[in-house]
Amino acid sequence: MSETQDRSKDQVPVTVLTGFLGAGKTTLLNHILTAEHGRKYAVVINEFGELGVDNDLVVDADEEVFEMNNGCICCTVRGDLIRILGSLMKRRAKFDGIIVETTGLADPAPVAQTFFVDEEVRDKTRLDAVVTVVDAYNVLQTLEESPEAVHQIAFADVIILNKTDLVDEAKLAEIEAKIRQINAYVKIHPAVRGNVPLTDVLDQGGFDLQRALEYEPDFLENTEHSHEEGVTSMSFPVSEPIDEARFHAWISALLQEQGADILRSKGILNFAGHNDRYAFQAVHMMADGDFIGPWKEGEKKESRLVFIGRNLNRPRLRRGFESCRA
Amino acid sequence: MSDKATLSGIVAERGAEQAVEGHITACCASRDNSSFAFATGEGDLLIAPRETIRDTATWTTVQAHDGPVLALSPDVTGSGFLSGGEDCRLKRTVGGAVEELAKARRWIEHVACWSDGRKGTIAFASGKEVHLRGADGATALRTLEHPSTVSGIVFDAKGKRIAASHYNGASMWFVNSKDSTAKVYEWKGSHIGIAIHPAGEALITSMQENDLHGWRLSDGHNMRMSGYPTKVMSLAFTRNGKWLATSGADSVILWPFFNGGPMGKPPSELPGIPGVLCTRVATHPQQDVVVAGFADGTVLMMDQSSERVLPVCSAGGGSVTALSFSADGCILGYGTEDGRVGVVDLTAPA
């Protein structure tokens, strides 16, 4: 087993639970905390009284965001989370995973960036998935009115589409299309009163992009989105091996320049001269990557990069990525 | 309990070690130097009496908190300890007896106590608030409000002022003043720890971006001390304030606070362990001796003038997470993230 795999085994998986106001986040949390699944979760919440569960692993937090002095204009981080996760690590044996809830109005970027910025947090935890709870009844209107809501969709690895009993099938299809327009690669789970199987929410291995990319809807490859203001997602495959140094130079220049608009980028890369797959991920300008073990037997060694954000220039991104070929 | 025969370093000749359950979060000696306590992530205080410190059978364990102990301090007088925890309680432990002094709304992450031996002031930080209490621990004196969660508190040497670090700087308050506003020292970013010069010349904070920031207290002049590969989790001025010893590199970094330093002066380095991070430092209260704990569990004692290095204990038990001298300089204690605790009696004949 490689060192990387050893490390990721020891790391505590963290699920970030975000969602619109009134979408049913608390119901879902209560469901996670009370259901019989044989696993224990520490939960970092932002409103104590809300949760009707008596649990010494529930921690009240204050969403305290600060700006890093690292030259990244959009690098805001949750300092309270660094402290709380550090403290939770002192009783690591007491739980199997951590769930971080954010308020309905919060931009998910600071919480996601926290997992890139702090060394201790990076060392001891791994961001398993961003789960966004969406209220089917109000979602279309909320997306019109709130940029934070759009970001919550853009950042999501998993979307729980709640209250589906309040809308008809045509509406549901419209909602799904709207979500896919923002984030084509997200897993969508329809639900009523947060009744989703927990296996759909927890232990997603969110950044095991191989899995995420399996969900790739082909029709999107042919669709050009040209909404000026809208958040869209784009995916770029390259079948030849990629030159590692050239890729890093290109992506860091790109994120430095456009990181404010590129909310999230992620990919699986086949670097020339390496047998292992390289998983790349970034939140705005903060990027990270790691070799994650060999390609499967008979698998096509195709590199693929996904961008989710605003003002994405498809030809330019494609040319840039293709210029990294070894 | 570990076998003394297998110990190496001066702990083998002059001290004792024990293995306990839980992460060691802090350690210190009581005000009268009669006992030495270790706090754990399980909520316990492990107390070693000075007289029989090498006989671990005489050490006692007291459950002080429900959940991890986050902060530990000697009480104002006597053999007691003050502690704060994730249970949001401030506790006083004397012998085997635990008394609750306060219940806060947030975790009590920092406890400080200034004492002149008779009277004193107790402070604890809970969320954005620092609470000041009289020596009895029951009399509430003041509540100091800060713009964000307090990440460290420190009294000046005379107990007249208390400083707290937080986002975008630090706040300095006069303890006995009725004036409700703080002198705020501003610097953008997240400040995660604090120290004050023993003669009140400077206030130093540790920052999220792996460097230190400081303010000269006479005129508010900013100082910046950078070059660390990791966050500085531990900082301590030497007894006379000439040097600031810090963790955060694979050797002990010492910044000079004389001849105009640290501005424009490079730091000195004491020997370390190549490739192994220093995680905790403590300075001797009477001599020019610095002790350093490392990420592999090693503790080294170093004489600043001769640069002589004395191993206190060898690697094991994970990162050193607690390290402290008693106020009389006679006892050194250390603890690690995997529950290895040790004490050394520096007065004992070798």
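Not measured: the values here are computed from a predicted model.

Scoring rules and cut-offs
- Residues numbered from 1 in each chain as written.
- Chains lettered and ligands numbered in written order.
- Predicted model: local features only at pLDDT ≥ 70, side-chain atom pairs only at ≥ 80, totals over all residues.
- Helix = DSSP H or I, 4+ residues; strand = E, 2+ residues; numbered from the N terminus.
- Buried ≥ 20, exposed ≤ 12 C-beta atoms within 10 Å, placed from the backbone.
- Contact = placed C-beta atoms within 7 Å.
- Rg over C-alpha atoms; globule rule 2.2 N^0.38 Å.
- Core = buried A, V, L, I, M, F, W, Y, C linked by C-beta atoms within 7 Å.
- Pairing = 2+ DSSP bridges.
- Axes fitted to C-alpha atoms, helices over the stretch in contact; angles between N-to-C directions.
- Expected span 1.5 Å × (residues − 1).
- Arc of directions from axis to C-beta.
- UniProt positions renumbered as here; feature names shortened; annotations may be inferred.

Draft legend 1. Spatial organisation of the overall build of chain A. Helices and strands together make up the secondary structure of chain A, namely 11 helices and 14 strands. Counting across all 326 residues of chain A, residues that qualify as buried make up 44%. Summarising the internal contacts of chain A: among those between residues at least 6 apart in sequence, 76% fall at separations of at least 24.

Draft legend 2. The arrangement of the overall build of chain B in detail. Helix and strand counts for chain B come out as one helix and 30 strands. In terms of C-alpha radius of gyration, chain B reaches 19 Å, essentially the compact-globule figure of 20 Å for 350 residues. Along the first, second and third principal axes, the C-alpha set of chain B runs to 55 × 45 × 30 Å. Residues counted as buried form 55% of the 350 residues belonging to chain B.

Draft legend 3. Expanded view of the interface of chain B and chain A. With 17 residues of chain B at the contact, the number on the chain A side is 14 residues. The element best represented in the side of chain B that touches chain A is strand β16 (residues 183–196) of chain B, accounting for three residues.

Draft legend 4. Here's a closer look at the nonpolar core. Ranked by internal contacts, the top residues of the largest apolar core, which has 104 residues, are Cys27, Ala37, Leu72, Ile153, Val252, Val291 and Val312 of chain B. Ignoring anything within four residues of it in the chain, the contact list for Ala37 of chain B reads Cys27, Cys28, Leu45, Leu46, Ile47, Leu72 and Phe81 of chain B. Counting residues in hydrophobic clusters, the runner-up holds 88 residues, among them Val65, Val77, Ile160 and Leu263 of chain A.

Draft legend 5. Quick peek at the sheet that holds strand β12 (residues 129–134) of chain B. All names here are of chain B. Spatially, the four strands line up as an open sheet ordered β10-β11-β12-β13, and their pairing is antiparallel. Whereas interior strands pair on both sides, the edge strands pair on one side only; in this sheet they are β10 (108–115) and β13 (140–145). Across the sheet, the mean angle separating the axes of adjacent strands is 15° when strand polarity is ignored. As paired elements, β10 and strand β11 (residues 120–126) share seven bridges and run antiparallel to each other. What sits directly across from His110, in β11, is Ala125.

Draft legend 6. Summary view of unusual backbone geometry. Cis geometry marks the peptide bond from Gly261 of chain B to Pro262 of chain B; its omega dihedral reads 5°. Tracing the sequence through the fold places Pro262 of chain B in the loop between β22 (252–256) and β23 (268–270). Notably, Asn311 of chain A is not glycine yet its phi reads approximately 50°, a positive angle. Tracing the sequence through the fold places Asn311 of chain A in the loop between β14 (303–309) and α11 (314–322).

Draft legend 7. Geometry of helix α8 (residues 169–182) of chain A. Residues and elements named next belong to chain A. Across its 14 residues, α8 extends 20 Å between first and last C-alpha, which sits within 8% of the 20 Å expected from 1.5 Å per residue. Considered for burial, the residues of α8 that qualify are Ile175, Ile179 and Ile182. For α8, the angular spread of buried residues about the axis comes to 60°, placing them on one side. Exposed side chains of α8 directed beyond 90 degrees from the buried face belong to Glu169, Ala170, Ala173 and Ala177. Along its buried surface, α8 packs onto α6 (139–145), α7 (147–155), β8 (158–162), β9 (187–190) and β10 (232–238).

Draft legend 8. The environment of Ile159 of chain A, seen in detail. All names here are of chain A. Along the chain, Ile159 falls in strand β8. Its 25 C-beta neighbours within 10 Å are what place Ile159 among the buried residues. The spacing of Ile159 and Leu17 is 142 residues in sequence and 9.9 Å in space, taken between C-alpha atoms. What Ile159 contacts, discounting residues up to four positions off in sequence, is Thr132, Val134, Ile153, Ile179, Val186, Ile188 and His189.

Draft legend 9. Fine view of the pairing of β13 of chain B. Residues and elements named next belong to chain B. Here five bridges tie β12 to β13, and the two strands are oriented antiparallel to one another. Bridge pairing in β13 places Val130 opposite Leu144. Here β12 hands over to β13 after five residues, with Gly137 in that stretch at a positive phi of 85°.

Draft legend 10. Up close: the UniProt feature "domain: CobW C-terminal" (unreviewed entry) in chain A. What UniProt calls "domain: CobW C-terminal" (unreviewed entry) maps, in this numbering, to residues 231–325 of chain A. Between the end C-alpha atoms of residues 231–325 of chain A the distance is 28 Å, and the span holds 25% helix and 41% strand.

Draft legend 11. Structural view of the sheet that holds strand β13 (residues 286–294) of chain A. Residues and elements named next belong to chain A. Read from one edge of the open sheet, five strands run β10-β14-β11-β12-β13, paired in antiparallel fashion. Edge positions in the sheet fall to β10 and β13, since each has one partner strand and no second. Each strand of the sheet is rotated relative to its neighbour by a mean of 10°, with strand direction disregarded. Of the pairings in the sheet, the one linking strand β12 (residues 276–283) to β13 comprises seven bridges and is antiparallel in character. For Phe280, the partnering residue across the bridge sits in β13 and is Gly289.

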